[in-house]
Amino acid sequence: MSLDVILFLVFAFIAVVSAVSLVVQTHPIASALSLVGVMGALAVLYLLLGGEFIAAAQMIVYAGAIMVLFVFVIMLLNAGAERRSISKARFAKWFGIPLFAIFVGLLSFVVQALLPKTTEVKFGNFTAAGGGEVGAVLFTRYVLPFEVTSILILVAILGAVVLARKEI
Amino acid sequence: MNYYLLALLKAAILAFVFLTALAYLQLVERKLLAHIQLRLGPYRVGPHGVWQPLADVIKLVTKEDLIPSHVNKFFYVLAPMIAVALALVSIAVIPFGPEVEVFGVRTWLQLTDLKIGILFTLAISSVGVYGVALGGWASNNKYSLLGGLRSSAQMISYELPLALAIAAPLLLVNTLSFREMANGQAGFSFGFIPNWNIFSGPFPQIIGFAVFLIAAFAETNRVPFDLPEAENELVAGFHTEYSAMKFASFFMAEYANIVTITCVATVLFLGAWHPLFPAEYGSDFVPVILLVLGGLISLYHATQPARRWDRWTFPLFGVIAFLLAALFLIPVLKPILIPLFWFLAKTGTLIFIFIWVRGTLPRFRYDQLMRFAWTFLFPVALVNLLITGLMVALFPK
């Protein structure tokens, strides 16, 4: 097995375990940090594919900026662990797991049937997404979506300012 | 030579030098602060306290590793690990010198060169907030929590001017890789002004450098931005509840961040290992002259000893300085040592400024800190970036 495959398996495993832990954890801080784990593992997978710039952007924007704000707010609100109420319904107890298995099976079947024929992905094949290329495409081909997104974010900031003004 | 063997060897050397430098940086800081305040500083362990870092390490390792009963154990243990691991990673992409030949093996004085080197350091530093924030939160102590919150708010705020200040010189060198960045700043304009980004056209990055340095102080939680560990309001801030090696981890992370960010500043603005003036005017002899001067000063002080042991410690320091000066004259070592000297000189100067500021300036108040970042530093960095972009577009190299 080549090093690529081993690294892929390791980090895919970390990503899946973190994702499961994100849902299962009762404490919001633990959930938020699991999400950081998912993002970090995904960044490594991007690196394996060759998308260095995307990996760095993922770490800087998602793990570094957005999730830090999440954690910051959770700490500021001092949110405690969630109290789980265990459902006593007999139907859920007996049929829950089999029905869930059937649902996942059906879903995967439908997705597989609907998806177009996929081609094999090779490690390190996506090196064309460097900083320069992304920048050039962003300001030529995708300039309209880019500008629309920035205006959307500006509107969101203005909304937040207006909402916060009442408090002051 | 085998690629893996070479990489392992380089990593081992870098790790050894880096960790030793971190330990000694603490001694340098204590000594410098002491002399600024007209004290002597550490003086008892070895001549002039040179073995003090060693004694500190032994003390910290052998201390009882205490976990308070009221903390969130998992995150309490995890936080210092995150802090120190992330702080030690970034140094891997810093180039300390050009490609050199050692025992017939050609190699760069750099562990690895990423195409996105500068983004890598930014990513690592932005994730590094978690160590401090989590440590403060998991300690379950109101002082620690306040320290952690202050730190994360401060680091998020100052990351913006820092990133904008980094973007401007990137426009000049037109690359994200540290190695190409350093190579792009070689040479001299008019024969004597170095092509460093801080001096070179079309728009010298002096303002950008100032903004970067100020934001770097805040990013590393140093005075005058050391509110996360303001000892007269928050005991010791986020690491109040930590002791022994866990405390040492936070301490090491802080110094590692200082070293990394000064190295980044050196490569980004100060032309990495390229000398201040051309080799024709004798820039290769600067380290020799400086070391010989240092040795002579030591010997002069040895003739009029203020303390009993100065009679043999100062001649020893002098002889060591002369030996080091002789090393710089050996033709085989010259191509390795001269670039390393210039890199070390620039980084060392910046670290000295860090310590100097700590000995000089008082601490900001929290609202002043935030207002300074958002209403002054951010607009200045933005205008600097805009002007640089305009100049690069108008006068391409």
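Quick note: structure is the one above.
Structural notes, computed from the coordinates.

Rules of the game
- Residues numbered from 1 in each chain as written.
- Chains lettered and ligands numbered in written order.
- Predicted model: local features only at pLDDT ≥ 70, side-chain atom pairs only at ≥ 80, totals over all residues.
- Heavy atoms only, no water.
- Contact = heavy atoms within 4.5 Å.
- Buried area = accessible area lost by both parts, 1.4 Å probe.
- Salt bridge = Lys/Arg side-chain N within 4 Å of Asp/Glu carboxyl O.
- Polar contact = N/O pair within 3.5 Å; in protein donor to acceptor, adjacent residues only side chain to side chain.
- Phe/Tyr/Trp six-rings, centres within 6.5 Å; stacked < 30°, edge-to-face > 60°.
- Helix = DSSP H or I, 4+ residues; strand = E, 2+ residues; numbered from the N terminus.
- Buried < 20%, exposed > 50% of the residue type's maximum accessible area, 1.4 Å probe, protein only.
- Lys NZ or Arg CZ within 6 Å of the ring centre and 35° of its normal.

The next point concerns the interface of chain A and chain B. On the chain B side, the residues contacting the 20 residues of chain A number 19 residues. Summing both partners gives a buried area of about 1900 Å² for chain A against chain B, and 81% of it is carried by carbon and sulfur. Inspection of the region where chain A meets chain B yields 0 salt bridges. Taken together, chain A and chain B are joined by 2 residue pairs in polar contact (both at pLDDT 80 or more).

Bringing the packing of aromatic side chains into the picture now. Residues and elements named next belong to chain B. A full pass over the atoms with the stated rule returns 21 aromatic pairs over all chains. Between Phe-96 and Phe-343, the aromatic rings sit 5.2 Å apart at their centres with planes inclined by 75°, giving edge-to-face as the arrangement. Here Phe-343 lies in helix H13 (residues 334-360) and Phe-96 lies in the loop between helix H3 (73-89) and strand E1 (97-102), a separation of 247 residues in the sequence. Overall, Phe-343 belongs to the buried group, its relative accessible area being 4%. Note that Lys-142 overlies the ring of Tyr-143, its terminal NZ or CZ placed 6.0 Å from the centroid.

All names here are of chain B. As enumerated under the stated definition, the model contains 7 salt bridges over all chains in all. Of the charged contacts, one joins Arg-222 and Glu-29 as a salt bridge, the two residues approaching to 2.8 Å between their closest N and O atoms. Of this pair, Arg-222 sits in the loop between helix H8 (206-219) and helix H9 (231-234) while Glu-29 sits in helix H1 (residues 3-36), placing them 193 residues apart in sequence. Both residues of the pair, Arg-222 and Glu-29, count as buried. One salt-bridge network, held together by shared partners, links Glu-29, Arg-222, Glu-254 and Arg-358.

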